[in-house]
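Structural overview for review
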Amino acid sequence: MMSENHYYNAADLAKFSNIGEYQKELADKFFSYYGEVFKDSALSAREKSLIALAVSHAVQCPYCIDAYSSDAYEKGWSEAQMMEAVHVAGAIKGGAVLVHGVQMMNKVKEIAM
Amino acid sequence: MIENANKISLEKVVMKTLHRQQHELANAHNQLQIIEHGQTGDFALVPFQQKLDEAGLYPLKPTGIQTFQVNVGKMCNQVCKHCHVDAGPDRKEIMTKEIMQQCLHVLVQNPSLQTVDLTGGAPEMNPHFRWFVEELKKLRRHVIVRCNLTIILANKKYNDLPQFFAQHGVEVVSSLPFYTQDRTDRQRGNGVFEDSIKALQLLNGVGYGMDNSGLVLNLVYNPAGAFLPPSQEALEKEYKTALMERYGIRFNQLFAITNLPISRYLDYLLTSGNYEKYMEKLVAAYNPVAAANVMCRNTISIGWDGYLYDCDFNQMLDLKVACSSKHIADFSMSDLNERSIIIGQHCFGCTAGSGSSCGGTVT
């Protein structure tokens, strides 16, 4: 159905596993890997959920933000902690832009009289 | 912490029971209509019966009744937002001493009923509560009290409950929805977290939750919102660390319980616009292994007026057992063990993920 004329549809998140219809082997490998990544290990599943929330914002994936806002809250992170995680993503992304300012300065100094 | 305190004071609302509001959800029939067909009457999920059938579990039969769960009344000092009993200070439905005597008689006749689980409301508010516990202990039963903690501090006459529980070796199971004030108070009311912490310290003070004391203190987690519980094992570790580091509190086990769409929790789901999504989440998380281990297979639930139910949830939906032994006065173990358990869409709450029971997960 192509009735919805937009790129993102919240209902599509539940269809994520359907990517296996076109390439099962790679999808199976990905979902198996994904499941392993989020298990309790050197980092707890709870800590990984908060990292995933921050990364979701950094990559600006609406599906991931929906999924990990729920998951992180379910795992007991508070609203303030979750927002601080988003600020970490924001700070790194902002920093990533601004640190290139040095490259700009270098170039300008190279060519300026 | 200051931010949280401000938020709570802004959100401060005096909660009333649905019963007192004369709310349409105070009626069990109205609740069942919504649970089975949704708000608009056309919300169709896969029937729970079909899922049981696929697992070879329909009709659902008891595996042998061992736990005798007695709801001694709906009166409570708290009005929690998620309460499936719609308990509160205005509820007058209280078990009489006569019904308790009939319960004791059934226990004498049926030695296989080894565990007596007392719930409510706040069971301690029943005027015959202490007498009943003493009689149960004379029958050498394992007694569990579902204590909301704050009752211990609610009135001077309840202050010695920790000593009373300890004296009789009662297992205490207490709700503490989270180890932070914010989430606990949002669900259970302002000031509940602080009083719960004080009550837990008093219980620890008489030996509850301490190594080798033999006095068992278990806590109950249930989600403060429209979501499912996380891993019980992981959460127990977090609770133990947080409660010990912050308040020096010890306890035995944490039971992670899923909220069922009944009474005030159903009201919350509907008014917050979460009902359909929550039900879909429960259905998507259906686990046939949990279905095989649901608590209604080994528990019988007794209402304040002596009627018998498959569980405390069916009790609140007024779904009496489907056999001729409908009242404690007519209790027949063989009849009850042969009955089919009444199921509905609300049962998806006990079969989601790792499953849910009054003792936490079931897988």
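Here, the structure is the one placed above.
Residues numbered from 1 in each chain as written. Chains lettered and ligands numbered in written order. Predicted model: local features only at pLDDT ≥ 70, side-chain atom pairs only at ≥ 80, totals over all residues. Heavy atoms only, no water.

1. Notes on the interface of chain A and chain B
Interfaces are frequently sized by the accessible area removed from exposure as the parts join. Taken together, the nine residues of chain A in the interface contact 14 residues of chain B. A buried area of about 810 Å², summed over both sides, lies between chain A and chain B, and 41% of it is on carbon and sulfur atoms. Between Glu238(B) and Arg46(A) there is a salt bridge, and its shortest N-O distance comes to 3.2 Å. For the pair chain A and chain B, the interface holds six residue pairs in polar contact (both at pLDDT 80 or more). Class assignment of the residues belonging to the side of chain A that touches chain B gives a composition of two nonpolar, two polar and five charged. (Contact = heavy atoms within 4.5 Å. Buried area = accessible area lost by both parts, 1.4 Å probe. Salt bridge = Lys/Arg side-chain N within 4 Å of Asp/Glu carboxyl O. Polar contact = N/O pair within 3.5 Å; in protein donor to acceptor, adjacent residues only side chain to side chain. Nonpolar A, V, L, I, M, F, W, Y, C, P; charged D, E, K, R; others polar.)

2. Structural notes on the state of the cysteines
Evaluated as defined, the whole model comprises one disulfide over all chains. A sulfur-sulfur separation of 2.4 Å characterises the disulfide bridge that pairs Cys61(A) with Cys64(A). Note on the Cys61(A) and Cys64(A) pair: the S-S dihedral is about 75°, so by sign convention the disulfide is right-handed. A relative accessible area of 17% means that Cys61(A) is categorised as buried. Take Cys64(A): its relative accessible area is 25%, and that puts it in the partly exposed class. Here Cys147(B) stays free of any disulfide, with the sulfur of Cys76(B) as its closest cysteine sulfur at 9.9 Å. Sulfur of Cys323(B): no disulfide; nearest cysteine sulfur belongs to Cys296(B) and is 14 Å away. What makes Cys323(B) buried here is its relative accessible area of 11%. (Disulfide = S-S within 2.5 Å. Buried < 20%, exposed > 50% of the residue type's maximum accessible area, 1.4 Å probe, protein only.)

3. Remarks on the pattern of salt bridges
Residues and elements named next belong to chain B. The tally for this structure, following the rule as stated, stands at 22 salt bridges over all chains. Between Lys 51 and Glu 54 there is a salt bridge, with the nearest N and O atoms lying 3.9 Å from each other. On the criterion of helical spacing, the pair formed by Lys 51 and Glu 54 is a turn pair, its members being three residues apart in helix α4 (residues 48-54). Residue Glu 54 is classed as exposed on the basis of its relative accessible area, which comes to 55%. Linked through salt bridges whose partners overlap, the residues forming this network are Asp 86, Arg 91, Glu 93 and Arg 264. (Helix = DSSP H or I, 4+ residues; strand = E, 2+ residues; numbered from the N terminus.)

4. Side note on the packing of aromatic side chains
All told, the structure shown has 25 aromatic pairs over all chains when counted by the stated rule. Aromatic pair Phe178(B) and Tyr221(B): ring centres 6.4 Å apart, planes at 65°, arrangement edge-to-face. Residue Phe178(B) is located in the loop between β4 (171-175) and α9 (181-188), and its partner Tyr221(B) is located in strand β5 (residues 217-221); the two are separated by 43 residues in the primary sequence. Overall, the relative accessible area of 2% leaves Phe178(B) in the buried class. Ring pairing ties together the aromatic residues Phe16(A), Phe30(A), Phe31(A), Tyr34(A), Phe38(A) and Tyr68(A), which thus form one cluster. Looking at Arg46(A), its charged tip hangs above the ring of Trp77(A), at a distance of 3.8 Å from the centre. Above the plane of the ring of Phe164(B) lies Arg130(B), whose end atom (NZ or CZ) is 5.0 Å from the centre. (Phe/Tyr/Trp six-rings, centres within 6.5 Å; stacked < 30°, edge-to-face > 60°. Lys NZ or Arg CZ within 6 Å of the ring centre and 35° of its normal.)

5. Side note on the pairing of strand β3 (residues 142-147) of chain B
Residues and elements named next belong to chain B. Among the six residues that make up β3, five are buried, leaving the element largely enclosed by the rest of the structure. Relative to β3, strand β2 (residues 115-119) runs parallel, the two being bridged by four bridges. If you follow Val 116 over to β3, its bridge partner there is Val 143. Taken together, β2, helix α6 (residues 129-138) and β3 form a β-α-β motif whose crossover is right-handed. (Pairing = 2+ DSSP bridges. Right-handed = clockwise from strand over helix to strand, strands pointing away.)

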